[in-house]
Amino acid sequence: MQNSDLITVSELQRQLESLSQCNDEIDILATISAFLQPLLHYQDCIILQKIDKHYQTIGTSNIDFYDQKWPHCRLFLQVLKNSYAFCNNPSEDLEFNFLEGNAKTALKASLLISVSTSNQQGVFIFTNVDINGVSDVVGSDLIKLFFQQAFYAFLNLMKLHAQTHQSILLLDKFSQLSSLFKELASEWFWRTDLNMTFISVNNIESENNTYAQLFINKKIDNLLTINERKNTLKWQQFSALLAEYDDFSGFEFEVYAAKPLWVSLNGKSQFDDQGNFIGYLGIAKDITFSKEREAALESEKLKAEEASQTKSKFLTIMSHEIRTPMNAIMGMIELLLDTELTKEQRQWLDYANSSADILYGLITDVLDFSKIESGTILLVNKPLNVKLLIENIVGQLHIIEDSDDIIFSVSISDDIPTFIMGDEFRLGQILFNIIGNAFKFTRSGRILLCVSIVDGKLNFTVQDSGVGIAKKDLVFIFQPFRQVNDGINRKNEGVGLGLSISKNLIELMGGSITVDTQLGLGSTFTILIPFAEAPISEMKPELSAEHPVLSILVAEDNKTNQVLIKAFLQKLNHKVTIANDGAEAIEFMKLKKFDLILMDIMMPTMDGLTATQYIRNELLSDIPIYALTANAATDDKASCFKVGINKVLTKPIKFETLKASLNSL
């Protein structure tokens, strides 16, 4: 220790004793001021702690320096290296640039002294110091010890503040939890005598014990609501259980009280030393909230089911009302196209037929989506010719999407089996949607369909050079009733169901669909579907034979559809009798023998289902009956089969469909 030190060891001990008695920041700063002010004549004292790459104010005699981060720059590097630094013009140094104008202007010559502990570094800054006392202070080993202990004092104070703050937070949290527990605590203890009268009720509430007020000195029978008293079977079973002194758990009942109250009891029978029954001891739980929530959920469930039934009913009615006139429109166009027409007339009819097909497709999409959503859609599993299916789809698209600006090519791997097991209609619907979409969004360029086998699954890849899809829009493309551009000025028609239906059908088949796309550069859709090759035993050879002339009874109330069906049947050389409703069809059945009945389902006077039941049960006839219905839902078809209908033909009925159905006879 140097003899020329400014202070003695005893003086240092007195100062350190003063620091140890400090309770807060003000006390520490006052102790520092009392000791160093006579030596440095400084204006403000600022204590900084080094945190990562900056310094943080942890104590100061001037509020202007609170909550400030000081950058770790040249001046601080010099302090750490030499243990101190003297700054003549603080307002020009980078370390002081963040200060407000007044505080920065007021700064004059400042002394910076570094201190360090085992794991912390700090800096004391004294502003506007007397330059004459600086060298003596920074050269004193005893004063350096004082700075170190003062820094320790601030660190301990910060630690104490942090612990106090944490303790306050914990106390606050505990207080909240205690209040919440008291509010929500729903379990309480109870005891009865041998007559099942409640003699003790204890819960967390020391005052205003609601359960005690309701239960003490009462039997369960006296606590029941009117609804509970109506449930006689439940209480007879409970009484029988008590008569046998059996234990019970989870016995729920509604308590008669000013506010709704449900409790769940767990009870254990009690016996004295002589084995005599003395009552029950158990735990009760307030389940009012869960019962109210259960009732609310049940109410919402009933509302949802009612809404679903209403929607299904609406779709059924709309299906019939739309499909019936569509049947006439498409059928009449088909009949007209089979007559002598001028080139201009045929062109107009082609336009009408194309629009009718689009409208029919929209109707089918909406109904398909409804069936998928309700889980009533069923997939068939029978042999189908994959290559022929693709050939037919490609042929249709070549006709519909005739364009010289698009090259459409198909590549089918040689290892694709000719016949597989699956749903031909639904697979065709998927491919038609995906390839049709490629045409819809490709004005010019190329569309490529590749069919192969990948990992034992059928792999369909549809690649186009169209407009592509932005990454942000990919989340929408498989959502129902959504299109990437769904504004009123969109270029492409449709209701946005094609991809959604396709994805759902693919997943029903156990497959997957993915898309790789880039805006402006086209899209690639990849479909993977599990498959099994059709066994030879499932293959049925097609038989060709001459079909006889049939006598057919048509029960149809719509005049236009009468004309259409009659024209279709006469075109096939069959004999036709028209009945305007089910009752009239029955009268014809009594007078004449027919080979087949085409029965509309929704008719006035007597509907098709009632008429079919009468024919089967009263006339005891097994004549083939084909339903003509615009209701395409699975439940509607099931209703038809239930009364004895042999086949269901869905409107609008095309000539080739009707012909194929009659040929199956």
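Residues numbered from 1 in each chain as written. Predicted model: local features only at pLDDT ≥ 70, side-chain atom pairs only at ≥ 80, totals over all residues. Heavy atoms only, no water.

A few words now on the packing of helix α13 (residues 424–440) against helix α14 (residues 498–508). Axis separation between α13 and α14 bottoms out at 9 Å; the angle between their running directions is 140 degrees. By the angle class used here, α13 and α14 are oblique. Relative to α14, the crossing made by α13 is left-handed. The segment α13 lies against α14, with Arg426, Gln429, Ile430, Asn433, Ile434 and Asn437 engaging Gly498, Leu499, Ile501, Ser502, Leu505 and Ile506. When the residues that make up the contact of α13 with α14 are grouped by side-chain class, the tally is 6 nonpolar, 5 polar and 1 charged. (Axes fitted to C-alpha atoms, helices over the stretch in contact; angles between N-to-C directions. Helix = DSSP H or I, 4+ residues; strand = E, 2+ residues; numbered from the N terminus. Parallel < 35°, antiparallel > 145°, perpendicular 65-115°, else oblique. Left-handed = near helix turned anticlockwise from the far one by under 90°. Contact = heavy atoms within 4.5 Å. Nonpolar A, V, L, I, M, F, W, Y, C, P; charged D, E, K, R; others polar.)

As a further point, take the environment of Leu662. For Leu662, the position within the fold is in helix α19 (residues 655–663). Remark: the alpha-carbon pair of Leu662 and Leu572, spanning 90 residues in sequence, is separated by 9.5 Å. Those residues in contact with Leu662 that lie beyond four places of it in its chain are Ile552, Leu569, Leu572, His574 and Leu596.

Moving on: the packing of aromatic side chains. Evaluation of the coordinates by the stated rule reveals 24 aromatic pairs. Taking the centre distance of 4.2 Å and the plane angle of 20 degrees together, the rings of Tyr245 and Phe277 count as stacked. Taken together, the positions of Tyr245 in the loop between α9 (232–243) and β9 (248–255) and Phe277 in strand β11 (residues 277–286) put the pair 32 residues apart, joining distant regions of the chain. Residue classification places Tyr245 among the partly exposed positions, given a relative accessible area of 38%. The ring of Phe251 has Lys234 sitting right over it, with the charged end atom 5.4 Å from the ring centre. (Phe/Tyr/Trp six-rings, centres within 6.5 Å; stacked < 30°, edge-to-face > 60°. Buried < 20%, exposed > 50% of the residue type's maximum accessible area, 1.4 Å probe, protein only. Lys NZ or Arg CZ within 6 Å of the ring centre and 35° of its normal.)

By the element assignment, Ser551 lies in strand β20 (residues 551–555). Residue classification places Ser551 among the buried positions, given a relative accessible area of 12%.

Here the focus is unusual backbone geometry. Residue Met196 is not a glycine yet carries a positive backbone phi of 65 degrees. Turning to its location among the elements, Met196 is positioned in the loop between β7 (187–192) and β8 (198–202). Residue Asp455 is not a glycine yet carries a positive backbone phi of 55 degrees. Checked against the element boundaries, Asp455 lands in the loop between β15 (445–454) and β16 (457–464).

To continue, consider the sheet that holds strand β21 (residues 575–579). What the 5 strands build is an open sheet, ordered β21-β20-β22-β23-β24; its pairing is parallel. A single partner strand is all that each edge strand has here, and the edge strands are β21 and β24 (647–650). Strand after strand, the sheet turns through a mean of 20 degrees between neighbouring axes, direction not considered. Across the sheet, helix α15 (residues 559–571) is in contact with β20, β21 and β22 (596–600); its angle to β21 comes to roughly 165 degrees. Across the sheet, helix α16 (residues 582–591) touches β20, β21 and β22, and the angle it forms with β21 is around 135 degrees. (Pairing = 2+ DSSP bridges.)

Moving on, we come to the sheet that holds β16. Strand order in this open sheet of 5 strands is β13-β15-β16-β18-β17, and the pairing throughout is mixed. Bordering the open sheet on either side are β13 (406–412) and β17 (512–518), each of which pairs with just one other strand. Pairs of neighbouring strands in the sheet enclose a mean axial angle of 10 degrees, with direction left out of account. Relative to β15, β13 is paired through 7 bridges, and the arrangement is parallel. Bridge pairing links Ser411 to Cys450 in β15. Contacting β13, β15, β16, β17 and β18 (522–530), α13 crosses the sheet at an angle of about 20 degrees to β16. Across the sheet, α14 touches β17 and β18, and the angle it forms with β18 is around 30 degrees.

Further remarks concern the pairing of β16. A large share of β16 lies buried, amounting to 6 of its 8 residues. Bridge count between β15 and β16: 8 bridges; the pairing is antiparallel. The partner of Ile453 across the bridge, within β16, is Leu458. Counting the residues between successive antiparallel strands, the hairpin from β15 to β16 contains 2 residues, one of them, Asp455, with a positive phi of roughly 55 degrees. Sheet analysis places β16 next to β18, joined by 7 bridges and oriented antiparallel. Within the sheet, the bridge partner assigned to Lys457 lies in β18 and is Pro530.

Before going further, it helps to examine the confidence of the model for the protein chain. When pLDDT is averaged along the protein chain, the result is 81; 83% of the residues meet or exceed 70. No element of the protein chain has a lower mean pLDDT than helix α4 (residues 101–106), which averages 63, and none a higher one than β20, which averages 93. (pLDDT = per-residue confidence, 0-100.)

The biggest cluster of nonpolar side chains holds 35 residues, and the ones touching the most others in it are Ile390, Ile434, Ile435, Phe460 and Ile527. Where this core is concerned, the elements lending two or more residues are α12 (386–400), β13, α13, β15, β16, α14 and β18. The element best represented in this core is α13, accounting for 7 residues. Ignoring sequence-local partners within four residues, the contact set of Ile434 consists of Val462, Leu499, Ser502, Ile513, Phe525 and Ile527. (Core = buried A, V, L, I, M, F, W, Y, C linked by side-chain atoms within 4.5 Å.)

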